[in-house]
Amino acid sequence: MRKVIISLAPVQAGTPVDADKLAEDVARSAEAGAAMCHLHCRKPDGSLTPDIDYMVTCFEQILTRTDVIVQVSTGGVSEMDIRQRCNPLAYEKAESASLNGGSTNLGENVYINSFADIRYCADEVYRRGILPETEVFDIGMLHNMELIRKERPFAEPMLFNLVFGHKGGMQPTPEMLSAFRSFVPKDALWGVTHFGRDNWTFLAMAIAMGATVVRIGFEDSAYLSEGVTAQYNYQIVEKTAALIHAMGLETASPAQAREILHLREQGGKVHA
């Protein structure tokens, strides 16, 4: 039976982060069906930082409770340059990392990811044996990655995260999802993020169209149902898992997700 990977991005930007409470929430989320955890480098007050120490503390707390895939972020709108943004790759237990596929308007900000930035991040990811999840905010970024792929060998299959819902980017409509999906390389895996999600229909469409990964969590939306927001991330995971099961599919465990993504558990590294 087809398995869908639930990726959890549990921290809303700019909100304080308590490592112990976060670890408990992620552990309960893993019990509910999450297989991956995505974190940025943040200070306890929630602000982005090039210092990886508190991110490492959070992941170490999480990994004492569950074996979710560790995915670090090289993104986020900030004053950091690409070298600073790639500092999380130094975390020895990182198995996957975001790799942004180009520049876009992100809300009222301009999110800059030049070709030089993409090349640098790709080189750093592969030098460390980490699986990149390429974040793409419009169809043109898929073309960007085809160009980079010709320059540098990428792990097969490539993994794309199609991001919808940000002001200035692709919006979560059936037409846009269908168009975006049609340009994903045939040999690639793909998933979706629905930022600002206020319904569940878009995720259902993506799953029905073959999404391998569905990313949910407070970083993108705390919505549970009309007029109701979740108090904990695990509540969103429970609802996502129920949706997957209602469609006759299964949620992937961390071990199963590693197999789907061609990860290797030895040392927490992936080998292309």
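Here goes a summary of the coordinates provided. (Residues numbered from 1 in each chain as written. Predicted model: local features only at pLDDT ≥ 70, side-chain atom pairs only at ≥ 80, totals over all residues. Heavy atoms only, no water.)

**Some words on the packing of helix 1 (residues 19–32) against helix 2 (residues 53–63)**
- Remark: helix 1 packs on helix 2, axes separated minimally by 8 Å, with the N-to-C direction vectors making an angle of 45°. With respect to each other, helix 1 and helix 2 are oriented oblique. Where helix 1 crosses over helix 2, the handedness of that crossing is right-handed. Contact with helix 1, carried on its side by Ala19, Asp20, Leu22, Ala23 and Val26, involves Tyr54, Thr57, Cys58, Gln61 and Ile62 of helix 2 and no other residues of that element.
- Here the contact of helix 1 with helix 2 is built from residues that sort into seven nonpolar, two polar and one charged. (Axes fitted to C-alpha atoms, helices over the stretch in contact; angles between N-to-C directions. Helix = DSSP H or I, 4+ residues; strand = E, 2+ residues; numbered from the N terminus. Parallel < 35°, antiparallel > 145°, perpendicular 65-115°, else oblique. Left-handed = near helix turned anticlockwise from the far one by under 90°. Contact = heavy atoms within 4.5 Å. Nonpolar A, V, L, I, M, F, W, Y, C, P; charged D, E, K, R; others polar.)

**Here's the deal with unusual backbone geometry**
- The backbone of His262 sits at a positive phi, close to 65°, despite the residue not being glycine.
- Mapped onto the elements of the fold, His262 is located in the segment after helix 9 (254–260).
- A residue is classified by how much of its surface remains accessible, and His262, at 36% relative accessible area, is partly exposed. (Buried < 20%, exposed > 50% of the residue type's maximum accessible area, 1.4 Å probe, protein only.)

**A closer look at the nonpolar core**
- Judged by nonpolar contacts, the single largest core of 76 residues is most densely connected at Leu39, Phe59, Val72, Phe160, Leu162, Trp190 and Val192.
- In terms of residue count, helix 1 provides more of this core than any other element does, six residues in total.
- With residues up to four places along the chain from it excluded, the contact list for Trp190 reads Leu159, Phe160, Leu162, Leu177, Arg181, Val184, Ala206, Met209, Gly210, Ala211, Thr212 and Val213.
- Judged by nonpolar contacts, the second largest core, of 13 residues, contains Met36, Leu131, Ala155 and Leu263. (Core = buried A, V, L, I, M, F, W, Y, C linked by side-chain atoms within 4.5 Å.)

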